[in-house]
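Residues per chain, in single letters:
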Amino acid sequence: MRVGMIGLGNMGSAIANLIAGNGYEVLGWEYNADIVQEINSDHLNSRYLPDIDLHENLSATSELQKVAGQSQIIFVAIPSAFVKPTLEPIRYQMNKDSVLVNMAKGIDGKTGLTSYQTLSLLFPGNSILMLSGPTIANEFARNMPTVVVLAGEHRQDLLSVARLLDNNCFRTRFSDDTTGVELGGILKNIYTIGLGLFDGKDITSVNFRAAYLTIAMEEIAKMGSAMGARIETFLYLAGIGDLLATSLSEHSHNRKMGTYLAQGLSLDEIRSKMGVLPEGYNTLQIILYVAEKLHVSMPLAKGLWDVIHGRYDAEYFIESFIKDFVV
Ligand SMILES: NC(=O)c1ccc[n+]([C@@H]2O[C@H](COP(=O)([O-])OP(=O)(O)OC[C@H]3O[C@@H](n4cnc5c(N)ncnc54)[C@H](O)[C@@H]3O)[C@@H](O)[C@H]2O)c1
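Chains are numbered independently. Their residues run from 1 in the order of the written sequence. At least 70 in pLDDT is required for a residue's local features to be given in this predicted model, at least 80 for side-chain atom pairs to be given and counted, and no such filter applies to totals for whole chains, interfaces and linings, which use all residues.

Asks: What's the story with the overall build of the protein chain in this structure? I'm lost.
Replies: When its secondary structure is counted, the protein chain shows 15 helices and eight strands. A principal-axis box enclosing the C-alpha atoms of the protein chain has dimensions of 55 × 40 × 40 Å. Here a strand is any run of E in DSSP of at least two residues, a helix any run of H or I of at least four, and the numbering for each starts at the N terminus.

In structure tokens:
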């Protein structure tokens, strides 16, 4: 079995190394040539996964066609904004029998499509699965116990992908709700920005966080089900599981963005500090538009948007959250 990985960033390297350690040959495409070189010569990825020795079964390339042409299962692990521009040039070179596994959790700000939708349009003949849930790469890369959700229509493909991933520390569970599994991972990023905002204002009590995350989950489930997901998907790993993991993780870029907002930084200042705005920002912008069309009220998400755009200050948002939502 030949396995491909598109993107050897934090998540791509960690999943590729897990599969390589399980005994499979993995070929990963990476945008940065210095990372390709370092992986092939030193079995390290010091930029995205420092202090982890990578398995010899993992090799890297800058040639995307090699990954597309040679792999039976191909994982996609680049941020959602890069999915279309990276994969469109190889849309006719993908083997029709290859199974694609999307791990990107976001909405393309230019097209308004989720990464799963983008892949489905680019590769209509391929089976496409979603891998999501509480999956902090820096944790499972260090063999910390992790349980994820794999979603897809074809049982045989779910089993083939699970066989690559499962070991004593990492286990997959199956779902057939690809929409819900993807939306759980996408929507939670919005509320993680909010949690960072509260962190930045030193509102870190457990009572408050529990109330905030519960109300966030309610809003995610309401919007997700209006978009075609099954509500029970949000009560499991790809919903509440991912919301808890990302919101409570110190590795989250979305949470970091929230702490910068609390410090009064503008969007431009945050962009220049972080290089790129985290995926939750595009998601928030697009989801508020979709919510309006579907007549779904998202007061928490709308309040965050108003803070980001300077219509309210963070204190007002926090005060109205406590008064209006926690009743
Ligand atoms: N890191 C995690 O713990 C984690 C967990 C679950 C899902 N994800 C999802 O996986 C995706 C990747 O996240 P990450 O944390 O690995 O990101 P990262 O910032 O660590 O890596 C970014 C990747 O994008 C590539 N890239 C940069 N510029 C590019 C360009 N112009 N064109 C194409 N590729 C380019 C980089 O080479 C690298 O492979 C995201 O959608 C994220 O939501 C991440």
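Asks: Can you help me understand the sheet that holds strand β4 (residues 73–76) in this one?
Replies: Consider a sheet: its strands pair through backbone hydrogen bonds, and that pairing is either parallel or antiparallel. By definition, two strands form a pair when at least two bridges between them are found by DSSP. Strand order in the open sheet made by the eight strands is β3-β2-β1-β4-β5-β6-β7-β8, with mixed pairing throughout. Each end of this open sheet is capped by a strand with a single partner; those strands are β3 (58–61) and β8 (170–175). Strand-to-strand, the axes of this sheet are offset by a mean angle of 25°, without reference to chain direction. With four bridges connecting them, strand β1 (residues 2–6) and β4 associate as parallel partners. Counted as the bridge partner of V3 is I73 from β4. Sitting on the sheet, helix α10 (residues 237–248) is in contact with β6 (127–132), β7 (146–151) and β8, with an inclination near 140° to β7. Only the stretch in contact is used when fitting a helix axis, every axis being a line fitted to C-alpha atoms; angles between N-to-C directions are given from 0 to 180 degrees. Note on contacts: each residue gets a C-beta atom placed from the backbone, and two residues are in contact if those atoms are within 7 Å.

Asks: Where do I start with the domain arrangement of the protein chain in this structure?
Replies: A common way to report how large an interface is uses the accessible area buried once the components associate. Here the protein chain is partitioned into domain 1 (2–176) and domain 2 (179–325). Note that the domain bounds reflect an automated or database-derived domain assignment. Once you take the C-alpha centre of each, domain 1 and domain 2 turn out to be 26 Å apart. Listed by partner, the interface residues are 21 residues for domain 1 and 20 residues for domain 2. Of all the secondary structure elements, the ones that give two or more residues to the side of domain 1 that touches domain 2 are β6, β7 and β8. Broken down by class, the residue content of the side of domain 1 that touches domain 2 amounts to 10 nonpolar, nine polar and two charged. Side-chain classes are defined by residue name, with Ala, Val, Leu, Ile, Met, Phe, Trp, Tyr, Cys and Pro counting as nonpolar, Asp, Glu, Lys and Arg as charged, and the others, Gly among them, as polar.

Asks: For this particular structure, what's the right way to read the site of the ligand?
Replies: Contacts to the ligand come from 24 residues, most closely from G9, N10, M11, Y31 and A137. The set of elements that each furnish at least two residues to the shell around the ligand consists of α1 (10–21) and α4 (80–87). In terms of residue class, the shell around the ligand is built from 12 nonpolar, nine polar and three charged. For each residue, a C-beta atom is positioned from the backbone; the residue is called near a molecule or strand if that atom sits within 6 Å of it.

Asks: What is the right way to look at the environment of T146 in this model?
Replies: Structurally, the position occupied by T146 is in strand β7. Exposed residues have 12 or fewer other C-beta atoms within 10 Å of their own C-beta, buried residues have 20 or more, and residues in between are partly exposed; the C-beta atoms are placed from the backbone. For T146, a count of 22 C-beta atoms within 10 Å gives the class buried. Residues T146 and T135, spaced 11 residues apart in sequence, show a C-alpha to C-alpha distance of 6.7 Å.

Asks: Sorry, what's going on with the packing of α4 against helix α5 (residues 115–122) here?
Replies: When two helices pack together, their arrangement is given by the angle between their axes and by how far apart the axes lie. Look at α4 against α5: their axes get within 9 Å of each other, and the N-to-C directions meet at 10°. If you check the angle between α4 and α5, you find them roughly parallel. Across the interface between the two elements, S80, V83, K84 and L87 of α4 pack against S115, T118, L119 and L122 of α5. Among the residues forming the contact of α4 with α5, the class breakdown is four nonpolar, three polar and one charged. With respect to orientation, any angle under 35 degrees is reported as roughly parallel, any angle over 145 as roughly antiparallel, any angle of 65 to 115 as roughly perpendicular, and every other angle as oblique.

Asks: It is not clear to me how the environment of G21 should be interpreted in this structure. Could you clarify?
Replies: Take G21: it is sitting in helix α1. In the structure, G21 is positioned 146 residues away from N167 in sequence and 9.6 Å away in space, judged by C-alpha atoms.

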